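Okay, here's what each chain looks like letter by letter:
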Amino acid sequence: MRIAMDHAYLQYTGRVDFTDPAHPVFLFPATFVRFRLTGRRLVVYLHNAHHLWENRLGVVINGEQFGVALPWDADCEIDLSAHLAEGVNDVMLFKRQDSCHKVIFDSLETDGELLPPPERPTRRIEFYGDSVSAGEVTERDDHAGQLDPPDHNARWNNVWHSYAWQCARMLNAEISDIAQGGIALQDGRGWFPPCGMLTAYDKIAYNPHWHDVRPWDFTRWTPHVVVIAIGQNDNAQGDYMHEDYDGDLACAWRSDYRRLIANLREKYPHAYILCTTTVMMHSPEWDQAIGEAVAAVADDRVRQFRYTGNGAVTPGHVRRCEAETMARELANYIETLPNVWED
């Protein structure tokens with residue numbers, strides 16, 4: 001039996017593009033569809049639109065998490081039947097990586113039937129970040145505290161192990177992860193030159209590679225907590241915050257950071273907004289600049305958060321074990337915030 005992707009029992013989470021409801025598009029990491037089904041056959045039909053790196057589809061079936069390699073710019077038929085058990089199966093198909101590719105779903109095929117999905121979490125958390133929030137090279141715990149392995153080609157990228165999604169799971173919170181590897185705050189900076197977070201934050205599609213840039217409708221989903229984790233890649237063309245803290249570039253950055261906070265506060269009037277970086281190494285002046293921007297906003301629900309070892313733990317990407325430590329610290333802090341989960 002073929003199942004259309006707009007079936008009522010398919011539960012979607014994240015910024016899904018439903019321009020064509022029967023062919024939803026996943027671009028952001030941690031975007032997923034979850035469903036429950038009977039039967040012993042499950043085939044997923046989708047198209048993988050490739051831009052960079054190796055691409056993999058994330059899968060969780062009855063708690064078993066794994067990735068499936070996807071060919072480039074091709075229609076795919078992915079048979080997951082071998083992973084099904086007798087009785088009812090709980091399945092999640094998720095976007096493991098950032099906009100290095102996008103997935104367009106076509107349909108599912110099963111010899112069983114769909115059942116009503118599980119209840120959604122009542123807590124909601126949203127992240128705005130870079131490659132660390134997207135889970136780049138998280139699967140290489142053997143490289144904790146080290147540079148990335150050469151020529152990794154994204155084969156170990158997995159947002160499931162990012163601090164962002166680990167934190168959300170610890171809090172039993174629904175996640176939205178607006179994360180892009182290499183992105184900076186401002187356009188033309190960082191290692192993702194097409195745009196910065198100031199341009200990408202309000203989009204459902206933002207990578208100009210596909211010529212489909214479109215705005216996001218913020219009324220579709222409202223978080224209780226927003227985490228802004230930007231400031232790691234902004235020194236790609238020079239560490240000006242460290243070298244000239246009061247210079248024009250540094251002052252403009254702090255002004256633009258305040259503007260991002262103000263934009264998100266306008267969208268989410270009641271959310272806590274936590275401003276941070278990560279434990280990936282960077283000059284401490286970036287965290288100083290964030291603290292100054294937060295102080296200038298003068299809003300008790302806009303706060304700076306610093307991890308133990310902030311900016312000093314690893315020269316490479318944050319591995320699963322390091323991300324777990326970050327996630328635990330962040331989750332513990334969030335649980336101390338007054339009335340944090342009130343709608």
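Scroll up a little and you will see the structure.
Residues numbered from 1 in each chain as written. Predicted model: local features only at pLDDT ≥ 70, side-chain atom pairs only at ≥ 80, totals over all residues. Heavy atoms only, no water.

## Points about the packing of helix α2 (residues 163-171) against helix α7 (residues 320-335)
Stage number 1. In contact at an axis separation of 8 Å, α2 and α7 are set at 45° when each is read in the N-to-C sense. Viewed along their axes, α2 and α7 adopt a mutual orientation that is oblique. Two packed elements cross with a definite hand, and for α2 against α7 that hand is right-handed. Across the interface between the two elements, Tyr163, Gln166, Cys167, Met170 and Leu171 of α2 pack against Arg320, Ala323, Glu324, Met326, Ala327, Arg328, Leu330, Ala331, Ile334 and Glu335 of α7.
Stage number 2. The residue inventory of the contact of α2 with α7, partitioned by class, reads 10 nonpolar, 1 polar and 4 charged. (Axes fitted to C-alpha atoms, helices over the stretch in contact; angles between N-to-C directions. Helix = DSSP H or I, 4+ residues; strand = E, 2+ residues; numbered from the N terminus. Parallel < 35°, antiparallel > 145°, perpendicular 65-115°, else oblique. Left-handed = near helix turned anticlockwise from the far one by under 90°. Contact = heavy atoms within 4.5 Å. Nonpolar A, V, L, I, M, F, W, Y, C, P; charged D, E, K, R; others polar.)

## Concerning the nonpolar core
Within soluble globular proteins, side chains that are nonpolar generally end up buried alongside one another.
Stage number 1. In terms of nonpolar packing, the biggest core is built from 42 residues, with Tyr128, Met197, Ile228, Trp253, Tyr257, Leu264 and Cys275 touching the most fellow members.
Stage number 2. For this core, the secondary-structure elements that each account for two or more residues are α3 (197-200), β14 (203-205), β16 (225-229), α4 (240-243), α5 (248-267), β17 (272-276) and α6 (285-297).
Stage number 3. At 6 residues, α5 tops the list of elements feeding residues into this core.
Stage number 4. Among residues more than four places away in sequence, those in contact with Ile228 are Tyr128, Tyr257, Leu260, Ile261, Leu264, Ile273, Leu274, Cys275 and Thr276. (Core = buried A, V, L, I, M, F, W, Y, C linked by side-chain atoms within 4.5 Å. Buried < 20%, exposed > 50% of the residue type's maximum accessible area, 1.4 Å probe, protein only.)

## Considering unusual backbone geometry
Stage number 1. Backbone geometry at Asp151 places phi at a positive 55°, although glycine is not the residue there.
Stage number 2. Here Asp151 is to be found in the loop between α1 (131-134) and α2.
Stage number 3. The backbone phi angle of Asn153 is positive, close to 55°, even though this residue is not glycine.
Stage number 4. Note on placement: Asn153 falls in the loop between α1 and α2.

## As for the packing of aromatic side chains
Stage number 1. This structure, assessed with the given rule, holds 18 aromatic pairs.
Stage number 2. With a centroid separation of 4.9 Å and an interplanar angle of 85°, the aromatic rings of Phe305 and Tyr307 are classed as edge-to-face. Here Phe305 matches Tyr307 in class, with each residue buried.
Stage number 3. With centroids separated by 5.0 Å and ring planes inclined at 35°, the aromatic side chains of Phe305 and Tyr333 adopt a geometry described as tilted. Taken together, the residues Phe305 in the loop between β18 (302-304) and α7 and Tyr333 in helix α7 connect sequence positions 28 residues apart.
Stage number 4. Among the aromatic residues, those joined into a cluster by ring pairs are Phe127, Tyr163, Phe305, Tyr307 and Tyr333.
Stage number 5. Stacked on the ring of Tyr45, the Lys or Arg Arg2 has its end atom at 3.7 Å from the ring centre. (Phe/Tyr/Trp six-rings, centres within 6.5 Å; stacked < 30°, edge-to-face > 60°. Lys NZ or Arg CZ within 6 Å of the ring centre and 35° of its normal.)

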